[in-house]
Amino acid sequence: MAGCITRYDRNGRRFYEFQVRRGGELPRLTKRWYPPENWSEKAIERERLKQLAEFERQVMAGEIISRAEKKEQRQKLALIPTLKEYGESVFMPAKTITMSENSRYSYQGALDNWIYPALGKMKISDVTQRDISALLLSMQKKRKAQATCVKVYTVLKGIFKMAYISDVISQNPMEKVERPKPRKDEIKQTEPESFTVDEMRKILSCLAGEPLKWQVYLRLIIDTGLRRGELCALRWKDVDFDQNTISVAGNLCYNAQAGTYLDTPKSRQLRTVDVDPEIMAMLKTLKAEQKNICPSIWVFTQGGHAGDPKKPMHPQTPGRYMSKFAAKYGINHLHPHKLRHSFASIAITNGADIASISEKLGHADKSTTLRLYTHASQESMRRASQVFRDVLKDDGTEVCAPK
């Protein structure tokens, strides 16, 4: 890069023009400097050299560009989407193809409630690590749950990864953003809440006086660990009375935006689980009752004056029923997911292998089961070790003495 100075005198006024050549096909850049009229030649000489040096520095740093280049920059900038524009036109349409409706609803909630209000109007290329960290910190200061903060972090990570891979941005600001940590005052539950064996026996005993539909529904959760939506989506064609099994082929879900809808199982895989023959006999009785009143393709249907007995049970109904059931019989914190956790915890603690339980629960891989039921798997491993030790215990055989 080379610069030169040319002196001009026009209309009785002296000025200097600085020129800097940038090389290649880039046009040269010029700047005019008018010295004060009362300055000496020596002062003018010093200042014009200083002005040229500063002009060269600005050109080299890209702080000064030509008018044509400024226009091109403005045009390119206009093509860069805001974070909200990118989220709505690219990120969410792509994610919707591969994720469940519940996940889509969760992502959209994080975007609408937190990300768009704070960062949505910014060009996606202008969002910095500081902007993102400030958003996450503000959420924690507002005492938002750890899960909510992590969800926002996860969504942002997905957006910027997609934008970076697609060359929409040249740097990924999320690379320097830490995953939100729990607040000091936020209690972290280290293991899933579950019932003891005695508490489960009490629940089963209390069920004997309840309507058949609820006896079957709760006993199925207790016996199989199925999700509430998977049971609400159960159809009679999924029940194999000969083999004492049921096939989990759907998951009935609900959110405020989509309403009630049938989705694939959470693992996106059809699975078959075995069922206690006693419960299968109860299912037969339930099917006969339903056939006499109002036949349906669904095992568990709506009830009451407002419900349609041909339609599947609403996925929120089991939770409401269990709250009333718990209050009636003095059972603490009864809800479908706690029964699911109880099935897994009791089974693993009493020797069931992780792979089988993982398959029955419908986890995508057994690492999820291990993470959720670490306490139970450790107890199971201790029991396995003790079995080995018991086998090797002294049983009266001759002790081998050294020769």
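Refer to the structure presented above.
Within every chain, residues take consecutive numbers counted from 1 along the sequence as written. Local features in a predicted model are, by the rule used here, given only for residues with pLDDT of at least 70; side-chain atom pairs are given and counted only at 80 or more, and totals for whole chains, interfaces and linings are based on all residues. To get the side-chain values, all heavy atoms of the structure are used, and hydrogens and water are removed first.

Draft legend 1. Geometry of the overall build of the protein. Only DSSP runs of H or I covering at least 4 residues are called helices, and only runs of E covering at least 2 are called strands; the numbering of each starts at the N terminus. Assigned secondary structure in the protein consists of 15 helices and eight strands. Buried, partly exposed and exposed residues are distinguished by accessible area as a fraction of the type maximum, computed with a 1.4 Å probe on protein chains only: under 20%, between the cut-offs, and over 50%, respectively. Here the protein holds 403 residues, and the buried ones make up 40% of them. For the protein, the proportion of contacts with a sequence separation of at least 24, taken over those separated by at least 6, is 59%. The Shrake-Rupley method, run with a 1.4 Å probe, gives the accessible areas here. Residue values count only the displayed protein chains as cover. Summing over all exposed atoms, the protein offers an accessible surface of approximately 24600 Å²; the carbon and sulfur share of this is 51%. In this description, contact between two residues means that some pair of their heavy atoms is separated by no more than 4.5 Å.

Draft legend 2. Quick peek at a positive patch on the surface. Residues forming no salt bridge and having over 30% relative accessible area are the ones grouped into patches, like charges within 9 Å of each other and nonpolar side chains (Val, Leu, Ile, Met, Phe, Trp, Tyr) within 5 Å. Between Lys or Arg on one side and Asp or Glu on the other, a salt bridge is scored when a side-chain nitrogen of the former is within 4 Å of a carboxyl oxygen of the latter. All tallies of charge rest on Lys and Arg as positive and Asp and Glu as negative; His and the ends of each chain are not included. Working definition for charges: the position is that of NZ of Lys, CZ of Arg, CG of Asp or CD of Glu. A contiguous patch of positive charge, built from R67, K70, K71 and R74, is present on the exposed surface. Within the secondary structure, K71 sits in helix α2 (residues 67-79).

Draft legend 3. Looking closely at helix α3 (residues 83-98). With 16 residues, α3 extends 21 Å from end C-alpha to end C-alpha; this agrees with the ideal 22 Å at 1.5 Å per step. Of all the bends in α3, the largest measures some 35° and sits at F91, one to four residues before the proline P93. Looking at α3, one finds that the buried residues are L83, Y86, G87, F91 and M92. Every helix has an expected span of 1.5 Å times one less than the residues it contains. A residue's bend is given by the angle between axes fitted to the 7 residues ending at it and the 7 residues starting at it.

Draft legend 4. Here's a closer look at the packing of helix α7 (residues 197-207) against helix α12 (residues 336-349). Axis geometry follows a simple rule: fit a line to the C-alpha atoms, using only the stretch in contact for helices, then measure angles between N-to-C directions, giving values from 0 to 180 degrees. Across the interface, α7 lies against α12 with an axial gap of 11 Å and an inter-helix angle of 130°. Viewed along their axes, α7 and α12 adopt a mutual orientation that is oblique. Crossing hand, α7 versus α12: left-handed. The residues of α12 that touch α7, namely those facing V197, M200 and I203, are L339, S342 and I346. The cut-offs work like this: below 35 degrees is roughly parallel, past 145 is roughly antiparallel, 65 to 115 is roughly perpendicular, and the gaps in between are oblique. Working rule for handedness: look at the near helix, and if it is turned counterclockwise from the far one by less than a right angle, call the crossing left-handed; if clockwise, right-handed.

Draft legend 5. Spatial organisation of the pattern of salt bridges. This structure, assessed with the given rule, holds 11 salt bridges. A salt bridge links R7 to D9, with the nearest nitrogen and oxygen atoms 3.2 Å apart. Notably, a salt bridge pairs E54 with R57, separated by 2.9 Å at the nearest N-O pair. Placement of both E54 and R57 in helix α1 (residues 41-60) is noted, with a separation of three residues, approximately one turn of the helix.

Draft legend 6. Region of the structure containing the sheet that holds strand β8 (residues 271-274). Here we have three strands laid out as an open sheet, ordered β4-β5-β8, and antiparallel in their pairing. Bordering the open sheet on either side are β4 (239-240) and β8, each of which pairs with just one other strand. The pairing criterion for strands is at least two bridges between them, as found by DSSP. The sheet contact formed by strand β5 (residues 245-248) and β8 spans four bridges and is antiparallel. Residue pairing in the sheet places V248 in a bridge with R271 of β8.

Draft legend 7. Region of interest: the environment of C4. With respect to the element layout, C4 can be found in strand β1 (residues 2-10). Overall, C4 belongs to the partly exposed group, its relative accessible area being 34%. Sequence-wise, C4 and E56 are 52 residues apart; in three dimensions their C-alpha atoms are separated by 9.9 Å. Setting aside its immediate chain neighbours within four residues, C4 contacts E17, F18, Q19 and L52.

Draft legend 8. Just α1, in detail. The terminal C-alpha atoms of α1 lie 29 Å apart, and with 20 residues this matches the ideal 28 Å at 1.5 Å per residue to within 8%. Among the residues of α1, those classed as buried are A43, I44, E47, Q51, L52, F55, Q58 and V59. Looking down the long axis of α1, one finds its buried residues gathered within 160° of arc, a one-sided arrangement. Along α1, exposed side chains directed more than 90 degrees from the buried face belong to K42, R46, K50 and M60. Backbone geometry just after α1 places G62 at a positive phi near 80°. Relevant arc is that of directions from the helix axis to the C-beta atoms, nothing else.

Draft legend 9. Representation of the packing of α3 against helix α6 (residues 146-165) in the model. At their nearest, the axes of α3 and α6 sit 10 Å apart, and the two run at 90° to each other. Comparing the axis directions of α3 and α6 gives the class roughly perpendicular. Along its contact with α3, which presents L83, Y86, V90, F91, A94 and K95, the element α6 presents V155, G158, I159, F160, M162 and A163.

Draft legend 10. Geometry of the pairing of β5. Pairing analysis gives two bridges linking β4 to β5, with the strands arranged antiparallel. Note that in β5 the partner of V239 across the bridge is I246. In this antiparallel pair of consecutive strands, β4 and β5, the connection spans four residues, and N244 shows a positive phi of 55°.

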